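# Overview (structure and organization)
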Amino acid sequence: MGKITKLEDIVSLCKRRGFIFQSSEIYGGLASCYDYGPLGVELKNNVKKAWWKAVVQMRDDIVGLDCSILMHPLVWKASGHTDKFADLIAECKKCNVRTRVDHLKERVEEAAEEHTKHVSIESAMARAEDLSNKVCPNCGTVGKFTEPMPFKLMFETQMGANVDDSMTLYIRPETAQGIFANFRNVLDTTRVKIPFGIAQIGKSFRNEVTTKAFIFRTREFEQAELEFFCEQGTDEKWYEHWRRARFKWYTDLGLKKENLRFREHEANELAHYAKACVDIEYRFPFGSGDWQELEGIANRTDYDLRQHQRGMRTVNKWYENNRDLTNIELADEAGDFEKGPLSYFNDEQKKRYIPYVIEPSAGIDRSALAFLVDAYDEEMVRGEQRNLLRFHTAIAPIKVGVFPLVKRDGMPEIARNIYDDLKRYFNCFYDEKGAVGRRYRRQDEAGTPFCVTVDGQTIKDNTVTVRDRDSMDQVRVSTDKLVSHLREKLDL
RNA sequence: GCGGGUGUAGCUCAGUGGUAGAGCGUCACGUUGCCAACGUGAAUGUCGUGGGUUCAAGUCCCAUCACCCGCUCCA
């Protein structure tokens, strides 16, 4: 690992090389929002492609999906997000530290209420009215709190141009619910059989209480989520399967093993729907909170599908309430919920049931940054420092650089032809400016795995040199074998 | 949201209330036959933003925005 020891170094590298810019920078920036530059968008797209290939393309038991970001409001009522995706926070007037109200403890030492849960704002408000005996966990002051402030973690927006006739919608805080909402459609149209999965990549939005830390926790972010449906009883086996498979995905794409680890969730930090959850964390090379979550793998049980069956039974009530979610209670679960509309029928066993779900949920932005940081390297070559990004070939934004050795004797024309040919297969970059060594180094900094150079010998025997980024070694390859040579090397 | 810090060229950073700077990078021309060579030249600045004090503000004051560190938070 090179000299990246601070987050600022990463921010600087990302800016300098055109990977990531601050959003709206010319207007002074917008907190927590970032843009991907020319190299960054290639990197990010490659990360998404690699995920899709491993999770969808290479598997017979998983299909893809791309859902709209705006969904029916009842989706979020049923999923629990409208109630439970809101925290009530009070601030200690003495030390100004904010704490979730449900985390506050009585002054009298009570049986420690370890199992904290998100609850609806209404009930939390009712329960939290009296903070006079609560202790600030930071400074120990008793009963000096501000009024509890509700935090809405979902973005809201209006649908409908006519102001009088518009409806408040939520911008999805996770892609998962779109998958659950389409469970029936996929069953009916694709001949999948349990166990099977549905995968989706897309943007999600959360009003985090605090953001900070570059792109690790942004309010707009991209997720790659798989909902893998299986029969209850097999869920633990599949949970183990996906833990291993997802960890391997990161190492297969070049992340160093010593920078990756699992972190099991304790029982008291599990989400309201989860039976088990583990994070895959990456050790970013800076600061104190260096291990950061890249992906969480959760056993969501049959919670979501059962909840949506309740949601479907609530539609009329919602409509009668003028399409207003407030003061609406989710309909009770049917007695025979296992035979409901989101159930699965196993034709061999003649058995109908609501499947369990294993959910690997990866942060694309975080992963892209981990790949970037992990690939960064500095080394001394003949007394000069060489900066390079040792990207896995699948991740590298540019696959091949194409150069004429010098800008004469017909070399640029030949190199151009080769470039025009290669770019049909790979993302290539043509460069004829300045000394060739400089061009090599520039591609090293962008992480380009191979550079093809046309030289004097090319004119005589139609061979070119192919230079390897990591070793800087060169081999001569006949131009008519160049595409197949690079394809093999790049595994494309 | 609290405390601390930062904000000047694409990047890293100098800059004493009085002409806006360096290194690296970028571009052009020449040279250059394989790893950041050299020469000549050039471009690039709302000094984060807005107000105030002053004859004069990058510099002093106020507000604000953004980022970093710590706390806090985090399905």
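Residues numbered from 1 in each chain as written. Chains lettered and ligands numbered in written order. Predicted model: local features only at pLDDT ≥ 70, side-chain atom pairs only at ≥ 80, totals over all residues. Heavy atoms only, no water.

## Section: unusual backbone geometry
The omega angle of the peptide bond from I194 to P195 is 5°, so this bond is cis rather than trans. Look at N462: it is not a glycine, yet its phi comes out positive at around 60°. Along the chain, N462 turns up in the loop between helix 14 (456-461) and strand 24 (463-468). (Helix = DSSP H or I, 4+ residues; strand = E, 2+ residues; numbered from the N terminus.)

## Section: the sheet that holds strand 25 (residues 474-478)
The mixed open sheet is built from 5 strands, whose spatial order is 22-21-23-24-25. The two strands at the open ends of the sheet, each matched to only one other strand, are strand 22 (428-430) and strand 25. Adjacent strand axes in the sheet meet at a mean angle of 25° when their direction is disregarded. In this sheet, strand 22 lies alongside strand 21 (residues 400-404) in parallel orientation, the contact comprising 3 bridges. By the bridge assignment for strand 22, G401 is matched with F429. Relative to the sheet, helix 13 (residues 436-446) contacts strand 21, strand 22, strand 23 (450-454), strand 24 and strand 25, its axis offset from that of strand 21 by approximately 170°. Of the strands in this sheet, strand 21, strand 23, strand 24 and strand 25 are in contact with helix 15 (residues 482-490), which crosses strand 23 at around 160°. (Pairing = 2+ DSSP bridges. Axes fitted to C-alpha atoms, helices over the stretch in contact; angles between N-to-C directions. Contact = heavy atoms within 4.5 Å.)

## Comments concerning the packing of helix 2 (residues 38-57) against helix 11 (residues 364-375)
Helix 11 packs onto helix 2 with a crossing angle of 110° between their chain directions and a minimal axis gap of 9 Å. Taken together, the axis directions place helix 2 and helix 11 in an arrangement best described as roughly perpendicular. Along this stretch, helix 2 crosses helix 11, giving a crossing that reads as right-handed. Contact with helix 2, carried on its side by L43, K44, V47 and K48, involves I364, D365, S367, A368, F371 and L372 of helix 11 and no other residues of that element. Residue composition of the contact of helix 2 with helix 11, by class: 6 nonpolar, 1 polar and 3 charged. (Parallel < 35°, antiparallel > 145°, perpendicular 65-115°, else oblique. Left-handed = near helix turned anticlockwise from the far one by under 90°. Nonpolar A, V, L, I, M, F, W, Y, C, P; charged D, E, K, R; others polar.)

## Looking at helix 8 (residues 235-252)
With 18 residues, helix 8 should reach 26 Å at 1.5 Å per residue; the first-to-last C-alpha distance of 25 Å fits that figure. Listing the buried residues of helix 8 in full gives D235, W238, Y239, W242, R243, R246, F247, W249, Y250 and T251. With its phi angle positive at about 105°, G254 sits one or two positions after the end of helix 8. (Expected span 1.5 Å × (residues − 1). Buried < 20%, exposed > 50% of the residue type's maximum accessible area, 1.4 Å probe, protein only.)

## Looking at the environment of L30
Within the element layout of this structure, L30 appears in the loop between strand 1 (20-22) and strand 2 (34-36). Setting aside its immediate chain neighbours within four residues, L30 contacts Q22, S23 and S24.

## Side note on the pairing of strand 24
For strand 24, the buried fraction is high: 5 of the 6 residues fall into the buried class. Here strand 23 runs beside strand 24; their pairing, made up of 4 bridges, is antiparallel. Bridge pairing links F450 to D468 in strand 24. Pairing analysis gives 5 bridges linking strand 24 to strand 25, with the strands arranged antiparallel. Considered in strand 25, the bridge of T465 is made with R476. With antiparallel pairing between neighbouring strands as the criterion, strand 24 and strand 25 make up a hairpin whose turn holds 5 residues, including M472 at a positive phi of roughly 65°.

## Regarding the packing of aromatic side chains
Under the defined criterion, the tally for this structure stands at 20 aromatic pairs. Within the aromatic cluster, the residues linked to one another by ring pairs are F180, F183, F196 and F229. Over the ring of Y353 we find K351, and its NZ or CZ is 5.6 Å from the ring centre. Just above the ring of Y430 sits the side chain of R416; from NZ or CZ to the centre is 4.4 Å. (Phe/Tyr/Trp six-rings, centres within 6.5 Å; stacked < 30°, edge-to-face > 60°. Lys NZ or Arg CZ within 6 Å of the ring centre and 35° of its normal.)

Interpretation in functional terms is not warranted from these geometric data alone.
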